[in-house]
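# Fold and geometry: a report
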Amino acid sequence: IQQMNVKTAVDEVVDGEKILLPTKDLGTAENIPKKLEHNPNGQFIAVVSEGEYVVNTALAWRPKTFGQCMQFVWSHETGGYGVLETPQCIK
C-alpha cells in the first residue's frame, strides 16, 4: 500500500498531462483489500478484505485493531465503528 501527496504536484498542469507524484510505501496487506475507508476525522483507515478487517493509523500506518467481519462501517459522530461478524452478530 502506497501513499501519494497530491499537494506536491506542480502548480500549473495542462489538462491531460501526466503528473509524477512521489510515493511512500506504507506497508503490505496480507489479503487483497476490497475496501479502504477513512474514519470521519481522518485519523484511522480501515482495510477490509474477504472476511476480515484491520484498522490502521492514517499517518504512521500502525495497526490498532483487527478481526473478522462480513461488513464494516464507521460511526459519523464518535469515531467508533461497527462490524457485522456473522449474520447474527453485530459488534
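Throughout what follows, the structure given in this document is the object of discussion. (Residues numbered from 1 in each chain as written. Predicted model: local features only at pLDDT ≥ 70, side-chain atom pairs only at ≥ 80, totals over all residues. Heavy atoms only, no water.)

Within the chain, the regular secondary structure consists of 0 helices and 9 strands. If you line up the chain on its principal axes, its C-alpha atoms span 55 × 30 × 25 Å. Counting all 91 residues of the chain, 22% fall into the buried class. Restricting the contact set of the chain to residue pairs at least 6 apart, pairs at least 24 apart contribute 19%. When the accessible surface of the chain is totalled, it reaches about 7,200 Å², and 53% of it is carbon and sulfur. The distance from the centre of the 8 positive side-chain charges to the centre of the 11 negative ones in the chain is 7 Å. (Helix = DSSP H or I, 4+ residues; strand = E, 2+ residues; numbered from the N terminus. Buried < 20%, exposed > 50% of the residue type's maximum accessible area, 1.4 Å probe, protein only. Contact = heavy atoms within 4.5 Å. Areas by Shrake-Rupley, 256 points an atom, 1.4 Å probe, with all protein chains shown as cover. Lys, Arg positive; Asp, Glu negative; His and termini not counted. Charge placed at Lys NZ, Arg CZ, Asp CG, Glu CD.)

On inspection of all chains with the given rule, the structure shows 3 salt bridges. The salt bridge partner of K91 is E85, with a shortest N-O separation of 3.8 Å. Accessibility expressed as a relative area gives 59% for K91, which makes it exposed. The class for E85 is partly exposed, based on a relative accessible area of 26%. (Salt bridge = Lys/Arg side-chain N within 4 Å of Asp/Glu carboxyl O.)

Spatial relationships are all this shows, so hold off on functional conclusions.
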